[in-house]
Amino acid sequence: MEEGYQNRTAFIKGAKDIAKEVKRQASKKVGRSVDRVTDEYSKRSYSRFEEDDDDDYPTQGSQDGGYYRGDSQAANDEEGGHSDSTEGHDEDDEIYEGEYQGIPRAESGKGSLAGGPGSVRADAQQFRDIGVSEAERRKDQEELAQQYETILQECGHGKFQWTLYFVLGLALMADGVEIFVVGFVLPSAEKDMCLSEPNKSMLGLIVYFGMMVGAFLWGALADRIGRRQSLLISLSINSIFSFFSSFVQGYSTFLFCRLLSGVGIGGSIPIVFSFYSEFLAQEKRGEHLSWLCMFWMIGGIYASAMAWAIIPHYGWSFQMGSAYQFHSWRVFVLVCAFPAVAAIAALSAMPESPRFYLENGKHDEGWMILKQVHDTNMRAKGHPEKVFSVTTIKTVKQMDELVDTGTDTPVWQRYRLKIMSLSQQIKNNILACFSPEYKRTTFMLMAVWFTMSFSYYGLTVWFPDMIKYIQRQEYESRTKTFTKERVEHVTFNFTLENQIHRQGHYFNDKFLNLKMKSMVFEDSVFEECYFEDITSTHTFFRNCTFDASLFYNTDLFKYRFVDCKLINSTFLHNKEGCILDFSDDFNNAYMIYFVNFLGTLAVLPGNIVSALLMDKIGRLRMLAGSSVISCVSCFFLMFGNSESGMIALLCLFGGISIASWNALDVITVELYPSDKRTTAFGFLNALCKLAAVLGISIFQSFVGITKAVPILFAAGALAAGSFLATKLPETRGQVLQ
């Protein structure tokens, strides 16, 4: 037995000597190629790295026992090879394979002195490992994409996808509602909050700024923490601040709430399309993503119908003195939060995207969800006996390093480190969209998104403004003018509307319990007149003189008296704040809601056509063709000289351009891999909202001045977008990356 023990000891010692000799020979091999590797590292040429490494470090065992690290982990294990973190330590050291050893010190020996050959070898090996890891990750992603498509084919398209369709549709519907909310409440809110023209413009644009920030933020987070979780958080923020905005009284707080509400809903579009695409097989993806776009239209119809039903019914309001008022437009704002709340409740019952789990190395979670999809569809189709045959799914090699903060680290420090790590990962993901592999695609999509958004949002806001301008012109054409009239001892107790009085003289007249609408008094004299219980809109006194006159319980504030003289005149118990005249613009309100309702409903044919043809003619033909037709239709706007004509042209433009948007959403989803999809989509959607702000601001400045400039801007942008769209790669028939 003692002789056997000695033989075993000698065998182990000999094996150790052989391993040391193999390591020494490998180190010599690395030393001979250090200069070449360093030069290649400085040039960032990873492809040459891999080619040269394949020559010097074959994947099969060589004569001196060298192996290329990362190409074959199994071979490394068989030969007893060590990772870089344990290189330089004998087997007698109590060190685990892969254990972090800290920063090498100068006295650690074995050539690891700063600037020595050991340090250079370590750097070269480190970056060679990064290149190999990236190559392995790309290979894993390609294999996963092919296998995932096969699995989706086995799962089929059925009850699960349709359930998810309606759930995500509610989130997309909430986005459509958000676009229309401020436009519908602005006519009432501007009077309720005494808004000036600059404040009105800011309130109209603030939601786009919020959605721009939200699209970028939530799109980037969805690639790191998951589609479902990001969408739930974003919708929750939208719901909370939409609720608060219906109750706050001040302009600044209302503006702040609408901004944060926009930030929340901004994540809806990039996450919803990416989320749903990862449950759709290749032959169903284009069609069903286009069907999903219909919920944006439904959101617009819902907002128009609710505004039509609620805002003109001013009886749905209450007030607590003059300090707190809750008018019907606030009820409308509250009702518009319902789609987001419903989406949160429904999404809570749905699983995360299995593709996201598999991309992040979570095999079991992804497999369970795919099995759920399969079993749900099979039971609904009457085949519950069919078994999910997939047992193993490819997962992607992870590149992220875990940071161990330790149990003694303060909680705030742990969260700070997590946030910093997450921010760095998001930054890397964004920069990856501009890597050589995706740079051309990203810049082309940026141009297409910008041109389409600039023209679409600019025109869709310009249309209603032009209709209002035409209405105002028609109203002003009916204005009555009175000159040098003298009125004495007369009591006015009826509505005065749309009149201009110049150089008049009013003596001992009484204006009692009346409404003044669009009244202008110029160069007139009011002597011993009495004004009581006056409600006015668009009424001004210019260069008038008031002598011994009394104002009691009126809303004739100082800004309504322009260059006027007040001699021995008194104001008693003036109405506080701005007064929302419930009877003002009643018919105009119905017209605004009806026009938006028709404009939104007009996109239905475009949605149907794009859904049916998306997988037949391809994304690029749909995108470019619809953009060209939209460009041509812009020139018909020159002939819109009446309300009915402008409404018809609005419906035509909306119905044609929606096909372009559907195709652009589909192609954006399919051009990026799963680990960058929502990041890229969110960035492009944020750019879209920036273009919308520019388009709205520019187009509105030409209302009442000229039609030619907005039409030429819109047509030129659409023409450029359609041309650039043809340069994008076609994604029809390809598996989802």
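This paragraph deals with the overall build of the protein chain. In terms of regular secondary structure, the protein chain is built from 24 helices and 16 strands. Counting all 737 residues of the protein chain, 48% fall into the buried class. Long-range pairs, those at least 24 residues apart, make up 66% of the contacts in the protein chain between residues at least 6 apart in sequence. When the accessible surface of the protein chain is totalled, it reaches about 35100 Å², and 59% of it is carbon and sulfur.

Now for the packing of aromatic side chains. Evaluation of the coordinates by the stated rule reveals 53 aromatic pairs. Between phenylalanine 450 and phenylalanine 454, the ring centres sit 6.3 Å apart and the planes meet at 10 degrees, which makes this aromatic pair stacked. Residue phenylalanine 450 and its partner phenylalanine 454 are both found in helix α18 (residues 439-476); the two are separated by 4 residues, about one turn of the helix. Given the relative accessible area of 11%, phenylalanine 454 is considered buried. Ring centres 6.3 Å apart and planes at 65 degrees place the aromatic pair phenylalanine 531 and phenylalanine 546 in the edge-to-face group. One end of the pair, phenylalanine 531, is in strand β10 (residues 530-537); the other, phenylalanine 546, is in strand β12 (residues 545-547), and 15 residues separate them in sequence. Put simply, the rings of Phe492, Phe494, Tyr506, Phe511, Phe521, Phe526, Phe531, Phe541, Phe546, Phe551, Phe561 and Phe571 touch in pairs and so form one group of aromatic residues. Positioned above the aromatic ring of tyrosine 148 is the side chain of arginine 355, whose terminal nitrogen or guanidinium carbon lies 5.1 Å from the ring centre.

Throughout the structure, instances matching the rule amount to 7 cavities of 30 Å³ or more. When its volume is computed, the largest cavity comes out at roughly 230 Å³. Along the wall of the largest cavity there are 15 residues; nearest its centre are Ile269, Trp296, Tyr457, Trp661 and Asp665. Counting residues per element, the ones that place at least two in the lining of the largest cavity are α10 (268-277), α18, α22 (643-671) and α23 (677-700). Examining the composition of the lining of the largest cavity, we find that 4 residues originate from one element, α22, more than from any other. Its residues assigned to classes, the lining of the largest cavity comprises 11 nonpolar, 2 polar and 2 charged.

Taken in spatial order, the 5 strands of this open sheet run β4-β7-β9-β12-β15, and their pairing is parallel. The sheet is open, and its two borders are formed by β4 (486-488) and β15 (565-567), each paired with just one other strand. Sheet twist, expressed as the mean angle between neighbouring strand axes with direction ignored, is 5 degrees.

So, about a nonpolar patch on the surface. Where nonpolar side chains cluster on the molecular surface, the patch consists of Val628, Val632, Phe636, Met638, Phe639 and Leu652 and spans about 580 Å² of accessible area. The topology assignment puts leucine 652 in helix α22.

The final tally for this structure, using the stated rule, is 14 salt bridges. A salt bridge links arginine 677 to glutamate 278, with the nearest nitrogen and oxygen atoms 2.8 Å apart. With arginine 677 in helix α23 and glutamate 278 in the loop between α10 and α11 (282-292), the pair connects residues that are 399 residues apart, well separated along the chain. Put simply, aspartate 615 and arginine 619 hold a salt bridge, and the shortest N to O gap is 2.7 Å. Each of the salt bridges in this network shares a partner with another, and the network as a whole consists of Glu149, Arg285, Asp615, Arg619 and Glu670.

Let us now look at the pairing of β10. For strand β8 (residues 510-522) and β10, the ladder comprises 7 bridges, and the chain directions are parallel. Opposite phenylalanine 511, over in β10, you have phenylalanine 531 as the bridge partner. Relative to strand β13 (residues 550-554), β10 runs parallel, the two sharing 4 bridges. Bridge pairing in β13 places glutamate 532 opposite tyrosine 552.

All right, on to the side chain of histidine 288 then. Turning to its location among the elements, histidine 288 is positioned in helix α11. The class of histidine 288 is buried, set by a relative accessible area of 4%. Setting aside chain neighbours within four positions, we find histidine 288 in contact with His157, Trp162, Tyr165, Tyr276 and Leu280.

Okay, the packing of α18 against α23 next. At a closest axis distance of 7 Å, the pairing of α18 and α23 adopts a crossing angle of 40 degrees. Crossing geometry of α18 relative to α23 is assigned as right-handed. For the contact of α18 with α23, the per-class residue count stands at 20 nonpolar, 6 polar and 2 charged.

This paragraph deals with the environment of isoleucine 534. With respect to the helices and strands, isoleucine 534 occurs in strand β10. Residues isoleucine 534 and lysine 575, 41 residues apart in the sequence, show an inter-C-alpha distance of 9.3 Å. What isoleucine 534 contacts, discounting residues up to four positions off in sequence, is Phe511, Leu514, Met516, Asn553, Thr554, Asp555, Leu556 and Lys575.

The rules behind these values
Residues numbered from 1 in each chain as written. Predicted model: local features only at pLDDT ≥ 70, side-chain atom pairs only at ≥ 80, totals over all residues. Heavy atoms only, no water. Helix = DSSP H or I, 4+ residues; strand = E, 2+ residues; numbered from the N terminus. Buried < 20%, exposed > 50% of the residue type's maximum accessible area, 1.4 Å probe, protein only. Contact = heavy atoms within 4.5 Å. Areas by Shrake-Rupley, 256 points an atom, 1.4 Å probe, with all protein chains shown as cover. Phe/Tyr/Trp six-rings, centres within 6.5 Å; stacked < 30°, edge-to-face > 60°. Lys NZ or Arg CZ within 6 Å of the ring centre and 35° of its normal. 1 Å grid on protein atoms, 1.4 Å probe; cavity = no way out; pocket = protein on both sides within 12 Å on 5 of 7 lines; lining within 4 Å. Points joined across faces, edges and corners; volume = space filled by probe spheres on them. Nonpolar A, V, L, I, M, F, W, Y, C, P; charged D, E, K, R; others polar. Pairing = 2+ DSSP bridges. Axes fitted to C-alpha atoms, helices over the stretch in contact; angles between N-to-C directions. Patch = residues over 30% accessible without salt bridge, like charges linked within 9 Å, V, L, I, M, F, W, Y side chains within 5 Å. Salt bridge = Lys/Arg side-chain N within 4 Å of Asp/Glu carboxyl O. Left-handed = near helix turned anticlockwise from the far one by under 90°.

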